[in-house]
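Given next are the chains, with one letter for each unit.
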Amino acid sequence: MTVLKLPTFSPSTLTNAASLLRILALAAIAGAAISSRLFAVVNFESIIHEFDPWFNYRATRVLASQGFTEFWNWFDPTAWYPLGRVVGGTIYPGLMATSGVIYNILHALHLPVDIRNVCVLLAPGFSGLTAWATYMLTKELKDESAGLLAAIFIGIAPGYISRSVAGSYDNEAIAIFLLMITFYIWIRALKDGSVLYGTLAAVFYYYMVAAWGGYAFITNMIPLHAFVLLLMGRFSHRLYSAYSAWYAVGTLASMQVPFVGFQPVQTSEHMAALGVFGLLQLIAFVEIVRSYVASKQFQVMLRWFLVASGIAGGLAIVGLTITKTIAPWTGRFYSLWDTGYAKKYIPIIASVSEHQPTAWPAFFMDLHMLIFLFPAGVILCFKELREEHVFVIIYAVMASYFAGVMVRLMLTLTPVVCMAAAIALSSLLDTYLSVEEPARPDSNGVDETSAPGADVPAEVTVSKKKKKDVAAAAAAAAAHSAATTATKAKTKPSATYGIFGLDTRLVVIVNAIFMLVMFVLHCTWVTSSAYSSPSVVLASRRPDGSQNIIDDFREAYYWLRQNTPQDAVVMSWWDYGYQIAGMADRPTLVDNNTWNNTHIATVGKAMSSSEEVSYPILRKHDVDYILIIFGGLIGYSGDDINKFLWMVRIAQGVWPDEIKEPNYFTPRGEYKVDDQASEAMKNSLMYKMSYYRFNELFSGSPAFDRVRNQQLPREGPKLDYIEEAFTSENWIVRIYEVKKEDPLGRDLKTANAFDGGKKRKPSKPTSRRRALTA
Amino acid sequence: MQPRLLSWLGIALTLLVAPAWAKSSTGDKVLIVTDAKLEMSDYSQFWDGLRSRGYELTFRKTSEDEPATSAFDVPSFSHIILLAPSAKTYPQDLSPQSLVHLLSDRTQPTNILFVLQPSTPSVPLRDLAREFGISFPPPATPLIDYFSAVSPANATSLLLSPPLSQHTAGFESGKILYHGISHLRSSNPLLVNFLNAPPTSYAADPLEPADAVVEAAASGGEGLWAGGRMGLVTGFEVLLGGGRAMWVGSLDLFADAATSIDGEATANNAYALALAAWTFQETSVLRIDAVEHRRISESAPREQYRIKDEIIYRIHVSKFDPTTGEWVPTSEIEDMQLEFTMLDPHIRTALKPASEEGWYEAQFMAPDRHGVFKFIVDWRRKGYTALHSSTTVSVVPFRHNEYPRFLSSAWPYYLGALSTSAAFVLFCALWLLGGDEEAKKKKTQ
Amino acid sequence: MAPPKKVSTTASSSTSAITSALQDLVQSYKENTPKRVKIIDAFLLFIVLSGVAQFVYCALITNYPFNAFLAGFGSSIGQFVLTAAFRAQVNPATRSQFTIISPERAFADFCFGSIVLHFFVYNFLG
């Protein structure tokens, strides 16, 4: 008996229509995902955003123009001058290789797409594929309707969009897609016990290793899943086949990437996978031997043998780690466990803004309603607890922890939140959309057991977005009818209830649709306002409401490009290194790769010391120009004076005797730039460069720094060893030129004084003998 | 009439004595700045000597503005002789700042010869000299020496024997008459000592010569301008391609009256002309003509070398020959060094003269580190032009297919991998061939 | 999974229990394993020996070049686990755990996995 009368169709029509609708829905989801990432291109232009993508773009340009072999062996003499950078061996080449392949395919089809456009639009393109991969994975967990929900969630969730807008040409653009597809293939391999899928998982894992440093997440998630299954007593030969195939082929493949090298057998991050692999071999061996001998004693002894060898293996790994044969956890990953570690020992890691802990509002902003559907979905996983549900539970727990530790790792949390929320919402909608009515457990013995079977085609609703699977409904109906036949004997009420009333259903369904609409509106708003700024170009509003574009960065970089010799070396803080290399095309001293702490500390020392101390450092490194960012005129708070304390800290890490952080604070411990500023602060190169001639803008009254909200002293700083070369329109970027040595061999301060007309003190000959007694 | 005849005779003499023709490597035009008190005819032998070397002399007084030293930022003269030691003020284009600017111009440097009067250098010159690291004694204290004086009564006129050096070519031997002041040199490495004061000399007021010693004794020996440390003639080479300057403490060194004393001829003229030759960049002038670098096995230079490459570096140096006015290759330099530097020199090796005249070469293996390196030749010797050359190249690591392959120590691994593959193929064959067993079993069951 | 026909008697001391259990094990193995699975087991034994030999060479003599060792040893390990998985998928005793993998499909998967493995091994070897 059905609650509603629905039209009847033949089963094959229904299945075909269902698949067609699913395909259309996925295509629409992909379209939505791609178009919501195009705000930046529409508002500004097709430009590469941020900092890291500029380096990836340069590398891709080399790949596109010179071919793969040259790219593989590319030595970049303009980065980290004069150390150079062996790019071929120090990057994850997956992203550039993907762009290169797409570029070559398009050109082979005679579509002359510029490499910049390929790079800018790669991330949106792959986001469509990520939606499809999430659909496939959630389909394994529950059913197709949950899959579609998960696909649309991840298609527009701001947590993922933030790293994959058009123009954000970074490793995460393809890495999240690879993450999802690797996990999906792993779940398929586990379900089927198939070596084919296991090897495919290994191949996609290899692609992931080539693409992103976060591959360690997969390297530890899959073993953790296998280990928990073992602890739950769910060892099976399917698990053995899938895991062994994935580990053996995947680890060997991952070592092909030069940047990874021998790490998979030598570092702690990869030891969990090796440990679980060994454990699986032992358990499989013991299982097979056990099947041949029934003796209880032998079996007990086998069990003890297993436990003992497992513990011995674990101790061996620990021992090797202690003796440093296996490298301990590197700073990047160790700081996830010990959150205070980075600030003390590796200030560079602690200073990156993406590595700060997550604030609570960030969860809501990035995930909206999904964040409170997420625990419900995880609990629903506990109800069925198949192997794939165990995986989702583990993934959810680990990802929640990591997302709480570092803002950047919200990205790995977003897929599992989308999947779990989809499961929860889909279960809710299933219950309230189901038109099947349970049979009443009353006196007449014969139940309409045949009725559910005949009613199955009619029960199916044909709704636009949500689709009920015919098989699932039939199974539910069959289970239900089995339950009712069982209860007939027991005369106990059935555990399954249905929702009859149309009004009850409407309330819940309309509420759910309202929340989904709010979700879409929120995501679109967050994407357009917060995550679509190219950060190379700033936009603000004038008092009359019109938009004011601040293009100082590009103005300054292009000045450098057009007015300086090709081999002029530019020194700046490492944040801007990639942008200078990409847009100004000049050698830089340090850049965002931050691989050499001492070099960065040298730059920090040069910026925070007085001119006399900095000048020899500048000349030794052949620095011709210094570039700083100063936001005091228009109130841009991401400038170098705000980052100055990090420069001091990093320099102090290498030269603790010469640079001391307390020297840059006032005696009361405040960070001031006005006349109370400490001597070290006033004499530092960064202070002088920022405020040089700043008081000329204020014609008489003292200068006011709008970021620090302090008034500067009346006398501005004087520069002897460097001279101003360029200041951009809003004084955001200031470029200084380093003077060459004085022709007469004097130090530049006295040379400048002489040019200004000052006279030196006369000197007298000193005695070489002891005093004559008069 | 008499002076004119003498001057013609002087020309003839100079033509016999001095080299037949001598040119400067930087130009012919000389500007001589004098003041109103001096008579140019008193120095006629010096001018004739200069003219005979091919210089064009232009005279100007400090009170005049024309001819200017530079027009539209282009120097008009290659050399300046400042013979106005008592002028209180100089015109704008001869101010101390402008003179330093003219000296430091890399493309067209101007060489300057500063000549000072016996007693008191003028204030602008005093201040300018301090920038060069040269300090003068208090006013009106000429150099006094009782041991090398011409006569005990005239203790300020000294007969000195300048040392012979390759920088004063043209001066063979002899004594010169010196009547002037000494100065103190700082430790600036760009100063070149030409003539030091005699060890028994000191600077004092000739009327009260003992006062200086007494005062200095009271302050423990400080402030006594005495001894062989004091300089009389000091040269100065501006860094990296600028001009040369020279400070001479005696105006009378150039005078005609000083060419003979008590009937004996002194070597003043030859010495003065030798000093001018050095200052005007005739002698001891070197330059780098060409720099080559390549792999030993190749013939063309490269922008990128590989680590552990054998590299050969060659440099060509030539010297200016004032007699012919040509640049002639020279292999005289014995201590030139090459540094292969990335922040600090990784390789420092000697550049030895090669078989061809003027070429020096060095051969070395590129270091094991990759990076951006520079070939630096930085040769500085007092009196000679500094040679400096810097060439930037990259040193890249091995390409992915340049590593050694098929190592003998890896044969067990090659064997293992090959045997596994072979066994796999064999196993597949066996499995496929024995495929009927399953079907047979099923049939029998 | 059929239990063996013979049941060993409990011995007094554990060592004799172990030896008798081992004898039972060998006997049971000879009887209950199909011939094709024994071919697989022979292949497995060969791979184990080859891997052990490479490991001993690396540990005792030299581990340069490390990438060649990893490639050769990885080839042994990879081939071993792939064959062991194939054995599990084909052996009648354990085949029931694989619901959708037929023995033919198992062989095809095995070949695919091995070829991909060997491709990576030879890329890493030299």
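Residues numbered from 1 in each chain as written. Chains lettered and ligands numbered in written order. Predicted model: local features only at pLDDT ≥ 70, side-chain atom pairs only at ≥ 80, totals over all residues. Heavy atoms only, no water.

*Asks:* I would appreciate a short explanation of the overall build of chain C in the present structure.
*Replies:* Looking only at helices and strands, chain C features 4 helices and 0 strands. Secondary structure of chain C in N-to-C order comes out as α-α-α-α. Looking at chain C as a whole, 47% of its 126 residues qualify as buried. Residue pairs at least 24 apart in sequence account for 63% of intrachain contacts in chain C once pairs closer than 6 positions are excluded. (Helix = DSSP H or I, 4+ residues; strand = E, 2+ residues; numbered from the N terminus. Buried < 20%, exposed > 50% of the residue type's maximum accessible area, 1.4 Å probe, protein only. Contact = heavy atoms within 4.5 Å.)

*Asks:* Looking at this model, I keep getting lost on the interface of chain B and chain C. Mind explaining?
*Replies:* By a widely used convention, the size of an interface equals the accessible area lost when the partners come together. Each partner contributes residues to the interface: chain B has 25 residues there, and chain C has 33 residues. When the buried area of chain B at its contact with chain C is split by residue, B:Tyr413, B:Phe424 and B:Trp431 rank highest and sum to 31% of it. Counting every contact that joins chain B to chain C gives 0 salt bridges. Where the side of chain B that touches chain C is concerned, the elements lending two or more residues are helix 7 (411-433) and helix 8 (436-444) of chain B. Broken down by element, the side of chain B that touches chain C gets its largest block of residues, 16 residues, from helix 7 of chain B. In terms of residue class, the side of chain B that touches chain C is built from 14 nonpolar, 7 polar and 4 charged. (Buried area = accessible area lost by both parts, 1.4 Å probe. Salt bridge = Lys/Arg side-chain N within 4 Å of Asp/Glu carboxyl O. Nonpolar A, V, L, I, M, F, W, Y, C, P; charged D, E, K, R; others polar.)

*Asks:* Is there a simple way to think about the UniProt feature "domain: STT3/PglB/AglB core" (unreviewed entry) in chain A in this case?
*Replies:* Under the present numbering, the feature "domain: STT3/PglB/AglB core" (unreviewed entry) in UniProt falls on residues 567-618 of chain A. The distance separating the terminal C-alpha atoms of residues 567-618 of chain A is 15 Å; by composition the span is 54% helix and 6% strand. (UniProt positions renumbered as here; feature names shortened; annotations may be inferred.)

*Asks:* Mind showing me how you'd approach the UniProt feature "transmembrane region" (unreviewed entry) in chain C here?
*Replies:* Residues and elements named next belong to chain C. The UniProt record marks residues 39-62, 68-86 and 106-125 with the feature "transmembrane region" (unreviewed entry), using the residue numbering of this structure. End C-alpha atoms of residues 39-62 are separated by 34 Å, and the span's content is 92% helix alongside 0% strand. Secondary structure content for residues 68-86 is 100% helix and 0% strand, and the end C-alpha separation is 27 Å.

*Asks:* Please explain the interface of chain C and chain A as it appears in this structure.
*Replies:* Contact with chain C, which involves 41 residues of that partner, is made by 37 residues of chain A. For the pair chain C and chain A, the summed buried area comes to about 3300 Å², and 75% of that belongs to carbon and sulfur atoms. Sorting the residues of chain C by area buried against chain A places C:Gln97, C:Phe120 and C:Phe124 first, and these three jointly supply 17% of that buried surface. Our count for the contact surface shared by chain C and chain A stands at 0 salt bridges. One can count 7 residue pairs in polar contact (both at pLDDT 80 or more) joining chain C with chain A. Mapped onto the side of chain C that touches chain A, the elements with two or more residues apiece are helix 1 (14-32), helix 3 (66-90) and helix 4 (103-125) of chain C. Here the side of chain C that touches chain A gets 14 residues from one element, more than from any other, and that element is helix 3 of chain C. (Polar contact = N/O pair within 3.5 Å; in protein donor to acceptor, adjacent residues only side chain to side chain.)

*Asks:* Help me understand the confidence of the model for chain C in this model?
*Replies:* Low-pLDDT portions of the prediction should not be read for the details of their coordinates. Residue and element names in this part refer to chain C. In the predicted model, chain C carries a mean pLDDT of 81, and the fraction of residues at 70 or more is 87%. Contacts from residues 1-12, a stretch scored under 50 in pLDDT, to residues over four places away or in other chains number 11 contacts. For this predicted complex, the interface confidence score (ipTM) comes to 0.87, while the overall pTM stands at 0.81. (pLDDT = per-residue confidence, 0-100.)

*Asks:* Explain the packing of helix 23 (residues 410-433) of chain A against helix 26 (residues 502-529) of chain A to me, please; I cannot follow it from the model alone.
*Replies:* Residue and element names in this part refer to chain A. In the contact formed by helix 23 and helix 26, the axes pass within 9 Å of each other and the chain directions differ by 150 degrees. Between helix 23 and helix 26, the angle is such that the two are roughly antiparallel. As for how helix 23 packs across helix 26, the hand of that crossing is left-handed. Where helix 23 approaches helix 26, its residues Leu425, Leu428, Leu429, Tyr432 and Leu433 are matched on the opposing element by Thr504, Arg505, Val508, Ile509, Ala512 and Leu516. Here the contact of helix 23 with helix 26 is composed, by residue class, of 9 nonpolar, 1 polar and 1 charged. (Axes fitted to C-alpha atoms, helices over the stretch in contact; angles between N-to-C directions. Parallel < 35°, antiparallel > 145°, perpendicular 65-115°, else oblique. Left-handed = near helix turned anticlockwise from the far one by under 90°.)

*Asks:* So what exactly am I meant to see when it comes to the sheet that holds strand 20 (residues 304-306) of chain B here?
*Replies:* Adjacent strands of a sheet form backbone hydrogen bonds with each other and so pair up, either parallel or antiparallel. Residues and elements named next belong to chain B. Pairing is mixed in the open sheet, where 5 strands are placed in the order 20-28-27-23-24. Strand pairing shows two members of the sheet lacking a second neighbour, strand 20 and strand 24 (344-350), which therefore form its edges. Taking each pair of neighbouring strands and ignoring which way they run, the sheet shows an average axis angle of 30 degrees. Note that strand 20 and strand 28 (residues 387-396) share 3 bridges and pair parallel. (Pairing = 2+ DSSP bridges.)

*Asks:* Can you walk me through the side chain of A:Arg22 in this structure?
*Replies:* All names here are of chain A. Relative to the assigned elements, Arg22 resides in helix 1 (residues 11-36). No salt bridge is formed by the buried Arg22; the nearest opposite charge belongs to Glu144, separated by 4.3 Å. Those residues in contact with Arg22 that sit more than four places away from it in its chain are Tyr135, Glu144 and Leu148. (Lys, Arg positive; Asp, Glu negative; His and termini not counted.)

*Asks:* Please clarify how unusual backbone geometry should be interpreted in this entry.
*Replies:* Across the chain, the bulk of peptide bonds are trans and the bulk of non-glycine residues have phi less than zero. A cis amide bond links A:Tyr81 with the next residue in sequence, A:Pro82, at an omega value of -5 degrees. Here A:Pro82 shows up in the loop between strand 1 (75-76) and strand 2 (85-86). Even without a glycine there, the phi angle at A:Leu385 is positive, about 55 degrees. Using a relative accessible area of 24% as the deciding quantity, one classes A:Leu385 as partly exposed. A positive phi angle, close to 70 degrees, is found at B:Leu343, a residue other than glycine.

*Asks:* In this structure, what is going on with the environment of A:Arg188? I would like to understand it.
*Replies:* Residue and element names in this part refer to chain A. Structurally, the position occupied by Arg188 is in helix 10 (residues 172-192). Classification of Arg188 by relative accessible area gives partly exposed; the value is 22%. Distance in space between the C-alpha atoms of Arg188 and Glu140 is 7.8 Å, their sequence separation being 48 residues. If we ignore the near neighbours within four places in the chain, the residues touching Arg188 are Glu140, Gly193 and Tyr197.

*Asks:* Could you clarify how one ought to interpret a negative patch on the surface in this entry?
*Replies:* Taken together, B:Asp205, B:Glu208, B:Asp211 and B:Glu215 make up a surface patch of like negative charges. Structurally, the position occupied by B:Glu208 is in the loop between strand 14 (202-203) and helix 5 (209-218). (Patch = residues over 30% accessible without salt bridge, like charges linked within 9 Å, V, L, I, M, F, W, Y side chains within 5 Å. Areas by Shrake-Rupley, 256 points an atom, 1.4 Å probe, with all protein chains shown as cover. Charge placed at Lys NZ, Arg CZ, Asp CG, Glu CD.)

*Asks:* Help me out: how do you make sense of the packing of aromatic side chains in this one?
*Replies:* Enumeration over the complete set of coordinates arrives at 77 aromatic pairs over all chains. Where B:Phe171 meets B:Tyr271, the ring centres are 5.0 Å apart and the plane angle is 70 degrees; that geometry is what we call edge-to-face. On the criterion of sequence distance, the pair formed by B:Phe171 in the loop between strand 10 (154-160) and strand 11 (176-178) and B:Tyr271 in helix 6 (residues 268-279) is long-range, its members being 100 residues apart. For the pair formed by B:Phe171 and B:Tyr271, the shared burial category is buried. Aromatic side chains C:Phe66 and C:Phe69 sit 5.8 Å apart centroid to centroid with 35 degrees between the ring planes, which places their arrangement in the tilted category. Placement of the pair is C:Phe66 and C:Phe69 together in helix 3, with a separation of 3 residues, close to one helical turn. (Phe/Tyr/Trp six-rings, centres within 6.5 Å; stacked < 30°, edge-to-face > 60°.)

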